[in-house]
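# What the coordinates show
In case you want the letters, here they are:
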Amino acid sequence: MKRGSIFEMDGIPKFGEALPLAMQHVVAMIVGCVTPAIIVAGAVPGGMDSKEQVILIQSALVIAALSTLLQLFPIGKKGGFMLGSGLPVIMGVSFAYVPSMQAIAAEYGIAAIFGAEIVGGIVAVIMGILVKQIRVFFPPLITGTVVFTIGLSLYPTAINYMAGGVGSPDYGSWQNWLVAFFTLAVVTALNHFGKGIWKLASILIGIMAGYLVSIPFGMVELSSVGEAGIVQIPSLMHFGVKFEASSCVAIGILFAINSIQAIGDYSATTIGAMDRTPKDQELQSGIAAYGLSNIVGALFGGLPTATFSQNVGIVTTTKVINRWVLGLAALLLGTAGIVPKFSAILTTIPQCVLGGATVSVFASIAMTGMKLVSSAEMDYRNSSIVGLAAALGMGVSQATAALATFPAWVTTIFGKSPVVLATIIAVLLNIILPKSRDEKREEAKKKKQIKKKLEEDHKEFGN
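Residues numbered from 1 in each chain as written. Predicted model: local features only at pLDDT ≥ 70, side-chain atom pairs only at ≥ 80, totals over all residues. Heavy atoms only, no water.

## Comments concerning the environment of P407
Structurally, P407 is set in the loop between α17 (380-398) and α18 (408-415). Once the C-alpha coordinates of P407 and G218 are considered, the two residues, 189 residues apart in sequence, prove to be 45 Å apart. (Helix = DSSP H or I, 4+ residues; strand = E, 2+ residues; numbered from the N terminus.)

## Thoughts on unusual backbone geometry
In this structure, M237 takes a positive phi of about 60° despite not being glycine. Here M237 is to be found in the loop between α10 (223-227) and α11 (245-274). For M237, a relative accessible area of 39% puts it in the partly exposed group. A positive phi angle, close to 55°, is found at D275, a residue other than glycine. (Buried < 20%, exposed > 50% of the residue type's maximum accessible area, 1.4 Å probe, protein only.)

## Let's talk about the environment of F414
Looking at where F414 falls in the secondary structure, it is placed in helix α18. Relative accessible area serves as the criterion here: at 24%, F414 is assigned to the partly exposed category. When the C-alpha positions of F414 and S397 are compared, they lie 7.5 Å apart, and in sequence the two are 17 residues distant. Apart from residues lying up to four places away in sequence, F414 is in contact with V396, L403, L421 and I424. (Contact = heavy atoms within 4.5 Å.)

## Things to note about the confidence of the model for the chain
Do not read the fine detail of predicted coordinates wherever pLDDT is low. Scored by pLDDT, the chain has a mean of 84; 93% of the residues are at 70 or more. Summarising per-element confidence for the chain, the mean pLDDT is lowest in helix α20 (residues 437-462) (58) and highest in helix α4 (residues 110-129) (94). (pLDDT = per-residue confidence, 0-100.)

## Structural notes on the packing of aromatic side chains
Under the definition given, this model contains 6 aromatic pairs. On the numbers, 5.6 Å between centres and 25° between planes, the contact of F255 with Y290 is stacked. With F255 in helix α11 and Y290 in helix α12 (residues 280-299), this residue pair connects regions lying 35 residues apart in the sequence. The burial state of F255 is the same as that of Y290; both residues are buried. Taken together, Y97, F255 and Y290 form an aromatic cluster joined through their ring pairs. (Phe/Tyr/Trp six-rings, centres within 6.5 Å; stacked < 30°, edge-to-face > 60°.)

Right under this line is the structure:
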């Protein structure tokens with residue numbers, strides 16, 4: 001293979017150039033990739049033992065690495081069958097699924113999550129095939145409302161973690177709050193005053209600082225690290241697979257949403273770093289690969305993955321689009337995943353430290369949603385869509401007895417996580433409520449622009 005520049009898609013760059021850039025991607029996303037696994041493990045009734053937690057974290061890292069490699073180096077060829085976008089993106093376990101996964105784990109067990117993930121993967125494959133026809137139902141106003149609701153729904157998780165974790169003997173103690181706020185202070189300071197790697201790695205550094213401060217309080221127990229092995233590959237069906245109808249519906253809807261959200265990440269990558277829009281085949285193949293990798297990942301205990309926006313940000317900022325650089329990041333991630341001792345260390349992080357570090361992440365998710373929402377004109381119609389969707393979604397999930405007289409499946413789909421109900425309401429209202437003349441005119445104009453651009457891309461691609 002020929003040598004290549006880090007600013008070109010193909011060609012192998014010098015290892016000395018590629019390694020620090022790859023490490024930058026790993027540092028920026030590794031905490032976000034493993035934290036959902038830790039949160040979900042804590043939601044299982046009675047809690048998971050440390051060995052099972054280690055395996056769940058391992059699987060998350062390995063499947064994220066393999067999913068990334070499939071996106072970077074597609075199977076097939078351009079112009080024919082292709083699986084994978086071929087774009088410089090990083091995949092990781094998504095926080096978007098956490099509220100629903102917590103509810104499913106608590107009600108039906110961890111195996112039900114993987115059954116629902118398989119169904120969700122099938123939904124994503126279908127979304128990939130029909131992406132051009134379906135994306136019209138998910139304009140920025142709708143995806144923004146969904147992302148905003150996801151952020152809001154994660155706040156109680158962060159606060160409970162900051163207090164020490166629900167069910168822990170010292171829940172709400174001043175020691176937990178002290179360590180949590182210290183961690184949050186470090187993360188916030190680095191985000192606003194740090195530069196370069198200090199800013200990119202703010203969450204990781206914050207967790208390390210909080211971890212060190214928590215040791216004198218006796219919050220760290222390292223016995224699981226000593227018991228963990230040196231090398232271990234995720235095994236097939238370790239956690240089992242259980243198909244529970246309401247869980248499948250809830251996760252399936254989230255996969256549909258994330259498929260559309262992936263279009264935004266693909267578009268941000270190509271527009272910001274490659275000065276073009278993504279081609280139809282790249283979108284279709286990328287989303288189909290996202291679905292297939294989740295189907296396979298579920299069989300090996302990997303929680304649902306999605307494109308990671310923080311890594312999209314790195315690509316668009318640095319303009320480093322070389323697939324071998326991001327591929328090296330995926331290999332580092334996968335290597336960390338097959339070393340149980342590394343995963344075991346992550347399970348020793350006190351919950352108050354995780355809470356202090358992730359509350360800013362959840363706040364960022366909510367604000368990202370608000371930015372998407374604000375990209376549309378906030379007239380009475382659009383304000384009603386956002387307000388009613390968020391209000392009913394959050395309200396029903398917070399009023400725990402609101403659906404007590406309904407069948408259990410209704411509660412699982414609509415009452416445990418606000419995201420599903422908020423999505424359905426937002427989509428329906430966007431279809432039903434009349435649009436102003438200006439909106440209709442602007443929408444028609446955008447459709448013409450998109451159609452023209454797609455035709456141009458198709459001609460370019462065909463040539």
